[in-house]
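Coordinate inspection notes
Chain by chain, the residues:
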Amino acid sequence: MIAVLSAHVSFDRAASAQSAQQQQKPPAGAPKQSANDLKPAFDALRVKDYARAERILKPMAERKDVRAQFMLGAEIYGFAQSPLYDLGKAIPLLRDAAERGFPRAMAVYAGALAEGAGVQQDKVEAYKYMALASRLKVPDTEVMLARLSSEMTDEELDRAKKAADAFVPRQ
């Protein structure tokens, strides 16, 4: 599911970086982010040089750049065709980016939660993050919400909706 969602949540990488820049307010004193700082990683991924992309993105992810966390988690460690595929590395990156409000990370992390891929299955949390991603206009999330809601009790669905409504991204 995480690989499937990764593909479903495929994105125009430059647009993704720009939207992340608009949505995520950097902490005071943080370096300014631009879509261009991800270009070398995009170029490496385009030619399937996952090791190079990892070397570029890892320092950025360690500095809590949600764009880099998402790309490492979804495109390098969470992508089943990557030679660096490792859900043990992917999930913490995706969780952190989702908890900090990065829309595409919310969708991919929700998919992992829904299926129990690399994380304990939790449909309430999955629905919460998928609903948040849907509100932020991530493509294909409505279909996943419908599927999740069909698999949940009314009480679970109510808890998930309340959790989504109460969500505040952390810094």
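As a further point, take the overall build of the protein. Helix and strand counts for the protein come out as 10 helices and 0 strands. Walking the protein from its N terminus toward its C terminus, one meets helices and strands in the order α-α-α-α-α-α-α-α-α-α. Once local pairs closer than 6 in sequence are excluded, the contacts in the protein between residues at least 24 apart make up 58%. Carbon and sulfur atoms form 52% of the exposed surface of the protein, whose accessible area is close to 8500 Å².

Here the focus is the packing of helix α6 (residues 87–99) against helix α7 (residues 103–115). The N-to-C vectors of α6 and α7 enclose an angle of 130°; their axes lie 8 Å apart at closest approach. One element, α6, and the other, α7, form an angle in the oblique class. In the crossing of α6 with α7, the sense of the turn from one axis to the other is left-handed. Contact with α6, carried on its side by I91, L94, R95, A97 and A98, involves A105, M106, V108, Y109 and A112 of α7 and no other residues of that element.

By the secondary structure assignment, L38 is in the loop between α2 (13–23) and α3 (39–46). For L38, a relative accessible area of 1% corresponds to the buried category. In this structure the C-alpha to C-alpha distance between L38 and A68, which are 30 residues apart in sequence, comes to 7.9 Å.

So, about the packing of α7 against helix α8 (residues 123–135). Where α7 contacts α8, the axes come no closer than 8 Å and their chain directions differ by 155°. Accordingly, the angle class assigned to the pair α7 and α8 is roughly antiparallel. With respect to the hand of their crossing, α7 and α8 are arranged in left-handed fashion. Residues P103, M106, A107, Y109, A110, G111, L113 and A114 of α7 touch α8, and the partners they reach there are K123, E125, A126, Y129, M130, L132 and A133. Partitioning the contact of α7 with α8 into residue classes produces 12 nonpolar, 1 polar and 2 charged.

It is worth spelling out unusual backbone geometry at this point. The residue K48 is not glycine, and still its phi comes out positive at about 60°. In this structure, K48 sits in the loop between α3 and α4 (50–62). For K48, a relative accessible area of 60% gives the class exposed. In this structure, K64 takes a positive phi of about 70° despite not being glycine. Here K64 is to be found in the loop between α4 and α5 (66–77). With a relative accessible area of 44%, K64 lands in the partly exposed category.

For any pair of aromatic rings, the description consists of the separation of the ring centres together with the inter-plane angle of the planes. What the rule picks out here adds up to 4 aromatic pairs. Ring plane angle 70° and centroid distance 5.4 Å describe the contact between Y109 and Y129, whose orientation is recorded as edge-to-face. Here the residue Y109 occupies a position in helix α7, and Y129 occupies one in helix α8, the gap between them amounting to 20 residues. Each member of the pair, Y109 as well as Y129, carries the same accessibility label: buried. Ring geometry for Y129 and F167: centres 5.9 Å apart, planes at 75°, overall edge-to-face. Of this pair, Y129 sits in helix α8 while F167 sits in the segment after α10 (154–166), and the two are 38 residues apart along the sequence. A residue is classified by how much of its surface remains accessible, and Y129, at 3% relative accessible area, is buried. When its relative accessible area of 18% is taken as the criterion, F167 is described as buried. In this structure an aromatic cluster arises from ring pairing among Y109, Y129 and F167.

Conventions adopted
Residues numbered from 1 in each chain as written. Predicted model: local features only at pLDDT ≥ 70, side-chain atom pairs only at ≥ 80, totals over all residues. Heavy atoms only, no water. Helix = DSSP H or I, 4+ residues; strand = E, 2+ residues; numbered from the N terminus. Contact = heavy atoms within 4.5 Å. Areas by Shrake-Rupley, 256 points an atom, 1.4 Å probe, with all protein chains shown as cover. Axes fitted to C-alpha atoms, helices over the stretch in contact; angles between N-to-C directions. Parallel < 35°, antiparallel > 145°, perpendicular 65-115°, else oblique. Left-handed = near helix turned anticlockwise from the far one by under 90°. Buried < 20%, exposed > 50% of the residue type's maximum accessible area, 1.4 Å probe, protein only. Nonpolar A, V, L, I, M, F, W, Y, C, P; charged D, E, K, R; others polar. Phe/Tyr/Trp six-rings, centres within 6.5 Å; stacked < 30°, edge-to-face > 60°.

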